[in-house]
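# Topology and contacts: notes
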Amino acid sequence: VVNARSEESLEIGNLYRRAREIPYRQVLVLSTAPSPVVSYQTYLAEIEKPIRQYLADEGLADEITCIVLTRGLPIQVDTHNGRSVASLLATLDLRKGVSRLANPYLDSSTAFSHREDALRGMYLVTVLNGYHVRDVRTLIEQGTLADGREPDGRFIVQTVPQMPRASHAEGVYLLTLRGLAVES
């Protein structure tokens, strides 16, 4: 998913599409503010609704399991409890009113499938982001060369000053515990 109003987003989306040989029909171009935080109304109108419509129109609702967002798209939704765009999209097709639930992968060896009963309605959502486009380019290049070994690079935890309640402390702790470098 790329943002037509962000040159960085378009560049990153094209780099990723080429590296992963993703068909053009699976690239969605949205038009939304390239700011880190948007209102819930903006999220619904400019991000969620077009993604839902695209999946339905293209017949991809059961084919797509992973949604990849790019730098240049909003990352947070300004709600009373501060939700990330990724977390809202991860539960895109769950029944109305269900937006938070236990992680179905905890203590499980099940591979992800959007069609599995326990996971029906959920998507894997990730964001291609870094300090600069060159950082994201490096991530994409390294991802195509991955050999199954544990990562040894740095992890960048993105925070937004407008969302002080969003905490990544537990994730940072677990990554640090494994000896991995974490920046925020």
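Quick caveat: nothing in here was measured; it's all calculated off a predicted structure.

## Here we look at a nonpolar patch on the surface
Residues Tyr173, Leu174 and Leu177 make up a contiguous nonpolar surface patch of roughly 340 Å² in combined accessible area. Its place among the elements puts Leu177 in helix H5 (residues 169-177).

## What about the environment of Ala4?
Within the secondary structure layout, Ala4 lies in the loop between strand S1 (2-3) and helix H1 (7-20). Using a relative accessible area of 41% as the deciding quantity, one classes Ala4 as partly exposed. Remark: the alpha-carbon pair of Ala4 and Thr32, spanning 28 residues in sequence, is separated by 7.6 Å. With sequence-adjacent residues up to four places away left out, Ala4 is seen in contact with Leu10, Val29 and Leu30.

## Here's the deal with the packing of H1 against helix H4 (residues 133-144)
Running from amino to carboxyl end, H1 crosses H4 at an angle of 10 degrees, the nearest separation of the two axes being 10 Å. One element, H1, and the other, H4, form an angle in the roughly parallel class. Residue-level inspection shows Glu8, Glu11, Ile12, Leu15, Tyr16, Ala19 and Arg20 of H1 in contact with H4, the latter providing Val133, Val136, Arg137, Ile140, Gly143 and Thr144.

## Concerning the pattern of salt bridges
Using the criterion set out here, one finds four salt bridges in the structure. Of the charged contacts, one joins Glu8 and Arg71 as a salt bridge, the two residues approaching to 2.8 Å between their closest N and O atoms. Here Arg71 lies in the loop between strand S4 (66-70) and strand S5 (76-78) and Glu8 lies in helix H1, a separation of 63 residues in the sequence. As a salt-bridge pair, Glu58 and Arg25 come within 3.7 Å of each other at their nearest N and O atoms. Of this pair, Glu58 sits in the loop between helix H2 (40-57) and S4 while Arg25 sits in the loop between H1 and strand S2 (29-30); the two residues are 33 residues apart in sequence, bridging distant segments of the chain. Exposure remark for Glu58: the relative accessible area of 34% places this residue in the partly exposed category. Exposure remark for Arg25: the relative accessible area of 39% places this residue in the partly exposed category.

## A word on the nonpolar core
Generally speaking, soluble globular proteins have nonpolar side chains that are buried together. One finds Tyr43, Ile51, Leu55 and Leu89 to be the most contacted residues of the largest nonpolar core, which totals 20 residues. Ranked by residues supplied to this core, first place goes to H2 with five residues. For Leu89, the residues in contact, after removing those within four places along its chain, are Tyr43, Ile47, Ile51, Ile67, Leu69, Tyr123 and Val125. Ranked by size, the runner-up nonpolar core spans nine residues in total, among them Tyr16, Val68, Val136 and Ile140.

## Comments concerning H1
Its 14 residues place the ends of H1 20 Å apart at the C-alpha level, agreeing with the 20 Å of an ideal helix rising 1.5 Å per residue. When we look at burial in H1, the residues that qualify are Ser9, Ile12, Gly13, Leu15, Tyr16 and Arg17. For H1, the elements touching its buried residues are S1, S4, strand S7 (124-128) and H4. Remark: Glu21 follows H1 within two positions and exhibits a positive phi of approximately 50 degrees.

Calculation rules
- Residues numbered from 1 in each chain as written.
- Predicted model: local features only at pLDDT ≥ 70, side-chain atom pairs only at ≥ 80, totals over all residues.
- Heavy atoms only, no water.
- Patch = residues over 30% accessible without salt bridge, like charges linked within 9 Å, V, L, I, M, F, W, Y side chains within 5 Å.
- Areas by Shrake-Rupley, 256 points an atom, 1.4 Å probe, with all protein chains shown as cover.
- Salt bridge = Lys/Arg side-chain N within 4 Å of Asp/Glu carboxyl O.
- Helix = DSSP H or I, 4+ residues; strand = E, 2+ residues; numbered from the N terminus.
- Buried < 20%, exposed > 50% of the residue type's maximum accessible area, 1.4 Å probe, protein only.
- Contact = heavy atoms within 4.5 Å.
- Axes fitted to C-alpha atoms, helices over the stretch in contact; angles between N-to-C directions.
- Parallel < 35°, antiparallel > 145°, perpendicular 65-115°, else oblique.
- Core = buried A, V, L, I, M, F, W, Y, C linked by side-chain atoms within 4.5 Å.
- Expected span 1.5 Å × (residues − 1).

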